[in-house]
Amino acid sequence: MDINTVELCWTILQRYIKSADEAHAVEHLVSELIDAGIKDEDLERLAAIDEIFSDAVKEHRGSDEEEYWYEDEDQWE
């Protein structure tokens, strides 16, 4: 993955995303990249972009994927 392109896009998008929403936007992006199968070395480079990316990568590494699934699948019916 071209992390330089991600960094360039982030630099542009920061102009349009409110400061209060930056962390949420980056967490969503990091989550999508992990789901897409980003390599560990690219994840490290992603974390080096800035503090917001670093925090998002740490958050996703510390989370257990299963915590996003509900035990009671019938609750949505």
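A short tour of the structure in this document, coming up. (Residues numbered from 1 in each chain as written. Predicted model: local features only at pLDDT ≥ 70, side-chain atom pairs only at ≥ 80, totals over all residues. Heavy atoms only, no water.)

## Describing the overall build of the protein chain
For the protein chain, the helix and strand inventory stands at four helices and zero strands. Put simply, the protein chain runs from its N terminus to its C terminus through helices and strands in the order α-α-α-α. Here the contacts in the protein chain between residues at least 6 apart in sequence split such that 59% fall between residues at least 24 apart. In the structure as shown, the protein chain presents an accessible area of about 6,100 Å², 49% of it carried by carbon and sulfur atoms. (Helix = DSSP H or I, 4+ residues; strand = E, 2+ residues; numbered from the N terminus. Contact = heavy atoms within 4.5 Å. Areas by Shrake-Rupley, 256 points an atom, 1.4 Å probe, with all protein chains shown as cover.)

## Side note on helix 1 (residues 3-13)
Turning to helix 1, its buried residues are I3, V6 and W10. Considered in projection along helix 1, the buried side chains sweep an arc of 55 degrees and stay on one side of the axis. At its buried positions, helix 1 is contacted by helix 2 (19-35), helix 3 (40-47) and helix 4 (51-62). You can read the cap of helix 1 off the contacts: a side-chain oxygen lies 3.2 Å from the backbone nitrogen of N4, and it is on D2. (Buried < 20%, exposed > 50% of the residue type's maximum accessible area, 1.4 Å probe, protein only. Arc of directions from axis to C-beta. Polar contact = N/O pair within 3.5 Å; in protein donor to acceptor, adjacent residues only side chain to side chain.)

## Topic: the pattern of salt bridges
Oppositely charged side chains may form a pair once their charged atoms are brought near each other. With the rule as written, the count across this model stands at two salt bridges. Measuring nitrogen to oxygen at the nearest pair gives 3.7 Å for the salt bridge that ties R45 to D42. Of this pair, R45 and D42 both sit in helix 3, separated by three residues, roughly a single helical turn. Its relative accessible area of 39% is what places R45 among the partly exposed residues. Looking at D42, the relative accessible area reads 8%, which means it is buried. (Salt bridge = Lys/Arg side-chain N within 4 Å of Asp/Glu carboxyl O.)

## With respect to the nonpolar core
Counting residues in each nonpolar core, the largest one holds 14 residues, and the members touching the most others are V26, V30, I38, L46, I49, F53 and V57. Taken together, the elements giving at least two residues each to this core come down to helix 1, helix 2, helix 3 and helix 4. If near-sequence neighbours (up to four positions away) are discounted, I38 is found in contact with M1, I3, L33, L43 and L46. (Core = buried A, V, L, I, M, F, W, Y, C linked by side-chain atoms within 4.5 Å.)

## Let's talk about the environment of L29
Relative to the helices and strands, L29 resides in helix 2. The partly exposed category is assigned to L29, whose relative accessible area is 32%. A sequence separation of 27 residues divides L29 from A56, and the C-alpha atoms of the two residues are 9.1 Å apart. Not counting chain neighbours up to four residues away, the residues in contact with L29 comprise V6 and F53.

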